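Next come the chains, spelled out residue by residue.
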Amino acid sequence: MKRILIIGLSLLFYFSTNAQNQVSDFVLCQDHNNGYSMFFDLSEQNDEILNGRSVSDFSISYHYSRSDAEAKSNEITQSIEVQYQNDKTIFYRLEDNSNSSLFEIDSFDLKIIRTEVMSDEKEFCGNSEGFTQFKLGDLDDRMLNFQDPNNSQDPAIHTVSYYLTEDDAENQVNPLDRDQWTNIVPDFQKIYVRVQRNDEYPCYRVKWFFLMVSRTIENPEANNETFCLAEDSPSFIFDLNEKDDDILDGADADYFNIHYYNSQNDAQNRMGDFTQVNSNNFPKTVFFRVESSSFQGCFETGSFILDKQNGVQAKEPDPILICDTEERGTYSFNLAEKDAEIMNGQSSTEYKVTYFHSEGDAHNNLNEINKENYECGVGSTILYAQLSPLSAGCSSIVNLHIEVSELPQPDLADSYQICAENESLNIDGGDFETWEWLDVNYDTIGVERTINITEPGDYGLTVTKSNAGNTCQKTIFFTVDRTDDIGSISHNVTGIESDMKLSIETEVSGDYEYSIDGINFQSSNYFNVSPGIYDLYVRDRSGCATANTQITIQGYQEYFTPNSDGINDEWEIVATEDGRFLDVLIYDRYGKLLAQILSGKQGWDGNYNGKPMPSDDYWFSIEYPDGQIATGHFSLIRS
């Protein structure tokens, strides 16, 4: 610190490297989005320099050198740009506003602290599903850039922690277990790393990266292969790629590459792979390497033996082709009937034949089929027949193809009609391979897809269709009748007004449908009706003939409500048999004539001499043109 004191007329200068209080260095944590330089606003140091003294009593200026501070020249008035790893020393002058001769000078450094996280990914070997257990703490040195000796960060003053989300990393919550943690996303797990300084500069950096987990198959195994060959069998080439599925054991082939080698050392070092073996070289031990398709460094090895034995040779039998004649959807077989064909002359006292659903079961003698009563569904089925000696020895396995085919299904009706106006009936037998039309005596009357039938009677159709080399046929029967004209139709109405039933009668009997509106038809000729006009229809079910007539069912309203709401405001005759009547007389219960309605005129409005009649029952008589008179009663209702 430099002090200037005035004593009389002389000046006394005091110089010191320390101010009244030690000001801390001005430190900024690097903003990684803005390169390697940052700007410092020196005014942020004012409070620490004042150290509780009033800003109105003192002034602060900043300078690049002590000499400038002493001379109070070249004052810094703007923010200063500082490069990373290029600290800058700033001198400040704290001056008493009441006496500019009293001041102190000291300095502090401008520093940029850079905290970094390694950005490149790392491969890890996992299981066959892309998961593995991590000891994340082992990644600390890598995150602190220890892979680069010139850019490392001291682990003594840095803490590394790991998170699933950026928010967790920023807020330091829910850290992942550093000692044992398993990824929750297979193959590529994104995590966030926070590198935090734990010295006097509390800077940190959060950055994400991928843990790339390459799949491996732990302790892979493959079955040994023994080939049963006749003594005179020629040599053959075995394709080692046929063992891939055995080695993968259900693992997804897209994630793995498999290579085959002559030795364990070759497999370990990935040298001299091959894909084929000549049977002349049997027995042979083949070593394999199953490695991740994304990273060759993740791999496992194993081996199997290829060998051959002289043994029996099963003959592949002819396929079983059966039609589902009973149409049950399944068919029962005695597979033993194929044994002799499979043995091909070899003695049943020395060999046996067993059947299995899969080749694997056949190799391992698992889940043997009960061959005397085997149920097979419709469609194609492949069984595996194993011919093996009754004593120990080599077995032979061949395929047995079973095809149970559905019968063809002609789409014909049970009965047909030759309409009265037609001389014949044309029937289409459907899309099949062959057709045979039969008469009542089972004589063939046609072999084309369609046929014209001119006489009523019983007929049949046999059709055939092939499937997978199996031809099946089916015969169905149908009846042909001749339809006569319906003739005239009549009707009968029974019951009272609230429960009237209409029956429709025909002159000629037949298989008919009935309707009272020409739209809705039913098999019964009885209908519930109300008074009104109806269009009666009768039609033959075959569509050959139709007859119709219009009728009127007489009736009247059972009540009316003359309240001027536009509904049932007047009482009137609904209908008569022929729609006509002479007049209607209306009486009260005492026989007093209240109103007369002439045919075609407006009904009764419930008034007598202009005055409304009360709610009550009223009687009427109706006279028809033929002189007949009908009577009845109805109700007048007022609310």
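The structure presented is a predicted model; accordingly, all values stated were derived computationally and were not measured. (Residues numbered from 1 in each chain as written. Predicted model: local features only at pLDDT ≥ 70, side-chain atom pairs only at ≥ 80, totals over all residues. Heavy atoms only, no water.)

### A word on the packing of aromatic side chains
- Applying the stated criterion across every chain, the model contains 26 aromatic pairs.
- Pairing tryptophan 208 with phenylalanine 210 gives two aromatic rings, centres 5.5 Å apart and planes at 80°, and the pair type is edge-to-face.
- Judged by its relative accessible area of 41%, tryptophan 208 is partly exposed.
- An angle of 70° between the planes, with centres 5.5 Å apart, marks the rings of tryptophan 604 and tyrosine 618 as edge-to-face. With tryptophan 604 in the loop between strand S44 (593-598) and strand S45 (607-608) and tyrosine 618 in strand S47 (residues 616-623), the pair connects residues that are 14 residues apart, well separated along the chain. The same class applies to tryptophan 604 and to tyrosine 618, which are both buried.
- Put simply, the rings of Phe560, Trp571, Trp604, Tyr618, Phe620 and Phe634 touch in pairs and so form one group of aromatic residues.
- Here the guanidinium or amino end of lysine 243 rests over the ring plane of phenylalanine 304, the centre of that ring lying 5.1 Å away.
- Its end group placed over the ring of phenylalanine 299, arginine 289 keeps NZ or CZ at 3.6 Å from the ring centre. (Phe/Tyr/Trp six-rings, centres within 6.5 Å; stacked < 30°, edge-to-face > 60°. Buried < 20%, exposed > 50% of the residue type's maximum accessible area, 1.4 Å probe, protein only. Helix = DSSP H or I, 4+ residues; strand = E, 2+ residues; numbered from the N terminus. Lys NZ or Arg CZ within 6 Å of the ring centre and 35° of its normal.)

### Things to note about the state of the cysteines
- Per the stated rule, a full pass over the model turns up four disulfides.
- Residue pairing for cysteine 125: its cysteine sulfur links by disulfide to cysteine 298, the two sulfurs lying 1.9 Å apart. Here the S-S torsion is close to -90°, and the disulfide linking cysteine 125 with cysteine 298 is therefore left-handed. Separated by 173 residues along the polypeptide, cysteine 125 in strand S9 (residues 122-126) and cysteine 298 in the loop between strand S19 (284-292) and strand S20 (299-310) bring together distant segments of the chain.
- Looking at the unpaired cysteine 376, the closest cysteine sulfur is the one in cysteine 472, lying at 13 Å.
- Taking the relative accessible area as the measure of exposure, cysteine 376 reaches 2% and is therefore buried. (Disulfide = S-S within 2.5 Å.)

### Side note on the sheet that holds S20
- Strand order in the open sheet formed by four strands is S15-S20-S19-S17, and the pairing between neighbours is mixed. Pairing within the sheet leaves two strands with one partner each, and these edge strands are strand S15 (225-229) and strand S17 (256-261). Averaged over all neighbouring strand pairs, the angle between strand axes comes to 25°, with direction disregarded. (Pairing = 2+ DSSP bridges. Axes fitted to C-alpha atoms, helices over the stretch in contact; angles between N-to-C directions.)

### What about a negative patch on the surface?
- A cluster of acidic residues, Asp138, Asp141, Asp177 and Asp179, forms a negative patch at the surface.
- Its location among the elements puts aspartate 138 in the loop between strand S10 (133-134) and helix H3 (140-143). (Patch = residues over 30% accessible without salt bridge, like charges linked within 9 Å, V, L, I, M, F, W, Y side chains within 5 Å. Areas by Shrake-Rupley, 256 points an atom, 1.4 Å probe, with all protein chains shown as cover. Salt bridge = Lys/Arg side-chain N within 4 Å of Asp/Glu carboxyl O. Lys, Arg positive; Asp, Glu negative; His and termini not counted. Charge placed at Lys NZ, Arg CZ, Asp CG, Glu CD.)

### A word on the environment of tyrosine 204
- As for its placement among the helices and strands, tyrosine 204 is situated in strand S14 (residues 204-215).
- With relative accessibility at 33%, the residue tyrosine 204 sits in the partly exposed group.
- The spacing of tyrosine 204 and valine 353 is 149 residues in sequence and 75 Å in space, taken between C-alpha atoms.
- Leave out the neighbours within four places in its chain, and tyrosine 204 touches Thr115, Glu170, Arg194, Val195 and Gln196.
- At 2.7 Å, the side chain of tyrosine 204 and the side chain of glutamate 170 are in polar contact. (Contact = heavy atoms within 4.5 Å. Polar contact = N/O pair within 3.5 Å; in protein donor to acceptor, adjacent residues only side chain to side chain.)

### Regarding the sheet that holds strand S5 (residues 58-63)
- In space, the four strands of this open sheet follow the order S3-S8-S7-S5, with mixed pairing throughout. Both edges of this open sheet fall to strand S3 (26-29) and S5, since each of them pairs with a single strand only. Put simply, the sheet's adjacent strands are angled 25° from each other on average, direction ignored.
- Summarising the sheet, S5 and strand S7 (residues 88-96) pair through six bridges and their orientation is antiparallel. Residue pairing across strands places histidine 63 opposite phenylalanine 91, the latter belonging to S7.

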